[in-house]
Amino acid sequence: MTEKSAREKAIDRFRSKSRTSYSIDNIVNGVLLGNTNFLSKAITLVESSKPSHHEKSQQIIEKCLPKSGNSIRVGITGVPGVGKSTFIEAFGGYLTAKGHKVAVLAIDPSSSMSRGSILGDKTRMNKLSKNEKAFIRPSPSSGALGGVANATRESIILCEAAGYDVIIVETVGVGQSETTVHGMVDFFLLLMLSGAGDELQGIKRGIMEMADSIVINKADGDNVQASKNAKREYQNALHLFPQKRSMWSPKVKTCSSTEGTNLDKIWALIEKYKDQTMKNGYFGQNRTRQAKNWMHENINVMLKNRFYQNQLIENEIPHYESKIADKELNPYKAAKELIELFDKSTKNET
Ligand code: GDP
């Protein structure tokens with residue numbers, strides 16, 4: 001075996017230090033000071049699959065919660081290629097120039113194959129990732145013990161505690177992830193393109209219905225007129241949806257992320273939304289509802305983790321799986337028996 005290089009040794013020292021020598025209070029203080037190294041460490045704990053890390057992360061979250069909430073949380077979705085990362089790069093740049101601190105998180109709960117792929121690619125959001133007032137974090141891997149959605153929710157809390165006042169949560173525009181993101185943000189923005197039907201863009205009606213704003217991206221060059229037409233069409237389509245509980249009427253805007261046009265109008269719209277929903281009480285009610293849902297999701301995750309981490313269950317599952325394969329037992333009965341076993345074993349613990 002070859003000797004380790006000085007660099008490798010330094011990395012080892014850093015790794016063992018980062019594992020052992022930071023107490024919960026160290027990390028919390030670092031986060032509250034807005035130190036991005038500590039913020040990253042805290043998020044890594046939140047995303048970890050290890051029970052001990054998860055436990056530590058919960059204590060950090062608890063201490064950060066009172067300092068969180070002071071932000072606008074914006075969800076951004078749209079099919080791949082619509083320009084999400086280009087838009088966030090431009091919009092994030094615009095906002096930081098105005099003095100905001102912008103955190104960009106991503107979620108991709110639908111896929112375990114593309115672990116960390118969205119935002120993971122270093123070439124995305126090149127400028128923003130070097131911007132001191134911005135913090136970019138790729139999507140958590142599917143291994144997060146608390147589930148990827150909870151990991152993102154907790155990352156929002158941590159970013160807010162670190163002083164980020166605009167939190168952008170990006171999601172890929174497929175299936176379940178939009179609903180998940182919609183359930184953790186204040187304002188939901190759907191990016192679309194002109195010249196392609198909804199079907200072509202793979203956007204379901206339900207997702208359009210969730211949008212507080214549709215932004216037609218790539219409204220530049222030859223595309224300007226088509227984008228204006230699309231804007232009119234989408235605005236008409238949105239009128240057909242029922243009134244939102246927020247009493248907000250969703251607006252359609254056009255923009256060019258590459259040329260940076262209309263970013264100010266989009267921000268003005270988000271501010272108007274915040275103002276209006278703060279005044280009519282919806283903003284707070286929505287966050288409360290989201291917090292209640294978060295509790296229920298945590299219960300689901302905690303119960304599931306307790307079940308699967310139970311030694312007896314862990315030993316029994318392979319037997320039950322073979323019984324199912326041999327058609328000795330049906331899946332419903334198998335699940336019921338396993339849960340009864342779990343109940344019995346936890347009764348013995350108490
Ligand atoms: P994502 O997959 O939704 O994140 O899309 P990207 O941000 O990676 O953009 C996909 C492609 O569209 C890239 O080649 C971008 O340069 C291009 N693009 C993004 N926004 C605009 C825009 O506003 N105008 C034009 N002309 N191209 C854009």
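Note that this is a predicted model, so its numbers are computed, not measured.

**Some thoughts on the overall build of the chain**
Check the secondary structure of the chain and you find 14 helices and 7 strands. When contacts within the chain are restricted to residue pairs at least 6 apart in sequence, long-range pairs at least 24 apart make up 74% of them. Looking at the chain as shown, the accessible area adds up to about 18,600 Å², and 53% of this sits on carbon and sulfur atoms.

**What to know about the packing of aromatic side chains**
Throughout the structure, instances matching the rule amount to 9 aromatic pairs. The interplanar angle of 45° and the centroid separation of 6.0 Å between the aromatic rings of Phe-135 and Tyr-164 together place this pair among those described as tilted. Of this pair, Phe-135 sits in strand S3 (residues 134-136) while Tyr-164 is found in the loop between helix H7 (148-161) and strand S4 (166-171), placing the two residues 29 residues apart along the sequence. Comparing Phe-135 with Tyr-164, the two get one shared label, buried. Taken together, a centroid distance of 5.4 Å and an interplanar angle of 65° make the contact between Phe-307 and Phe-342 edge-to-face. Of the two residues, Phe-307 sits in helix H12 (residues 282-309) while Phe-342 sits in helix H14 (residues 331-349), which places them 35 residues apart along the sequence.

**Quick word on the side chain of Thr-277**
Inspection of the secondary structure puts Thr-277 in helix H11 (residues 263-279). Of the polar contacts made by the side chain of Thr-277, one reaches the backbone oxygen of Lys-274; its length is 3.3 Å. Leaving out residues up to four positions away in the same chain, Thr-277 has contacts with Ser-246, Tyr-282 and Phe-283.

**Quick look at the sheet that holds strand S7 (residues 251-254)**
A sheet is described by the order of its strands in space; here 7 strands give the open sequence S3-S2-S4-S1-S5-S6-S7, paired in parallel fashion. Every other strand in the sheet has two partners, leaving S3 and S7 as the edge strands with one partner each. Taking each pair of neighbouring strands and ignoring which way they run, the sheet shows an average axis angle of 20°. Sheet topology places strand S5 (residues 187-193) next to strand S6 (residues 213-217); 5 bridges connect them, and they run parallel. Bridge pairing in S6 links Met-192 to Ile-216. Strands strand S1 (72-77), strand S2 (102-107), S3 and S4 of the sheet are contacted by H7, whose axis makes an angle of about 175° with S2.

**A word on the site of the ligand**
The environment of the ligand is made up of 15 residues, and the closest members are Gly-81, Thr-86, Arg-124, Asp-220 and Ser-257. In the environment of the ligand, a nitrogen atom lies 2.6 Å from a nitrogen or oxygen atom belonging to the side chain of Asp-220. Contact distances for the ligand include 2.7 Å between an oxygen atom and a backbone N or O atom of Ser-257. Considering the ligand on its own, with 580 Å² of exposed area, one finds that the protein chains cover 67% of that surface. No other element matches the 3 residues that helix H5 (residues 84-97) contributes to the shell around the ligand. Class assignment for the residues of the shell around the ligand results in 3 nonpolar, 8 polar and 4 charged.

**Thoughts on a nonpolar patch on the surface**
A grouping of Met-295, Ile-299 and Leu-303 is seen on the molecular surface, where their side chains present a nonpolar patch of about 270 Å² in accessible area. Structurally, Met-295 can be placed in helix H12. Taking the relative accessible area as the measure of exposure, Met-295 reaches 45% and is therefore partly exposed.

**Quick notes on the pattern of salt bridges**
The full count for this structure, using the stated rule, is 8 salt bridges. One salt bridge connects Lys-244 with Asp-212, and the closest N-O pair in it is separated by 3.9 Å. Here Lys-244, found in the loop between helix H10 (224-239) and S7, pairs with Asp-212, found in the loop between helix H9 (205-210) and S6; they are 32 residues apart in sequence, far enough to count as distant. Neither residue differs from the other here; Lys-244 and Asp-212 are each classed as buried.

**Notes on the pairing of S2**
Most of S2 is tucked away: 6 of the 6 residues are buried. Taking every second residue as pointing to the same face, both faces of S2 are buried, with Val-102, Val-104 and Ala-106 on one and Ala-103, Leu-105 and Ile-107 on the other. Relative to S4, S2 runs parallel, the two sharing 6 bridges. By the bridge assignment for S4, Ile-107 is matched with Thr-171.

**Some thoughts on the confidence of the model for the chain**
For the chain, mean pLDDT is 87; residues scoring 70 or higher make up 85% of the total. Low pLDDT, under 50, characterises residues 112-120; the stretch is placed with 27 contacts to residues that sit more than four places away or in other chains.

**Overview of unusual backbone geometry**
The general pattern is negative phi for most residues beyond glycine and trans for most peptide bonds. Unlike most non-glycine residues, Asn-262 shows phi in positive territory, near 70°. Relative to the elements of secondary structure, Asn-262 occurs in the loop between S7 and H11. Non-glycine residue Lys-327 carries a positive phi angle of around 60°. With respect to the helices and strands, the residue Lys-327 is situated in the loop between helix H13 (311-325) and H14.

**A look at H13**
For H13, which comprises 15 residues, the first-to-last C-alpha distance of 22 Å matches the rise-based estimate of 21 Å (1.5 Å per residue) to within 8%. For H13, the capping residue at the N-terminal end is Asn-310, with a side-chain oxygen 2.9 Å from the backbone nitrogen of Leu-312. Where H13 ends, the next residue or the one after it, Lys-327, has phi of about 60°, a positive value.

Conventions we followed
- Residues numbered from 1 in each chain as written.
- Predicted model: local features only at pLDDT ≥ 70, side-chain atom pairs only at ≥ 80, totals over all residues.
- Heavy atoms only, no water.
- Helix = DSSP H or I, 4+ residues; strand = E, 2+ residues; numbered from the N terminus.
- Contact = heavy atoms within 4.5 Å.
- Areas by Shrake-Rupley, 256 points an atom, 1.4 Å probe, with all protein chains shown as cover.
- Phe/Tyr/Trp six-rings, centres within 6.5 Å; stacked < 30°, edge-to-face > 60°.
- Buried < 20%, exposed > 50% of the residue type's maximum accessible area, 1.4 Å probe, protein only.
- Polar contact = N/O pair within 3.5 Å; in protein donor to acceptor, adjacent residues only side chain to side chain.
- Pairing = 2+ DSSP bridges.
- Axes fitted to C-alpha atoms, helices over the stretch in contact; angles between N-to-C directions.
- Near = heavy atom within 4 Å.
- Nonpolar A, V, L, I, M, F, W, Y, C, P; charged D, E, K, R; others polar.
- Patch = residues over 30% accessible without salt bridge, like charges linked within 9 Å, V, L, I, M, F, W, Y side chains within 5 Å.
- Salt bridge = Lys/Arg side-chain N within 4 Å of Asp/Glu carboxyl O.
- pLDDT = per-residue confidence, 0-100.
- Expected span 1.5 Å × (residues − 1).

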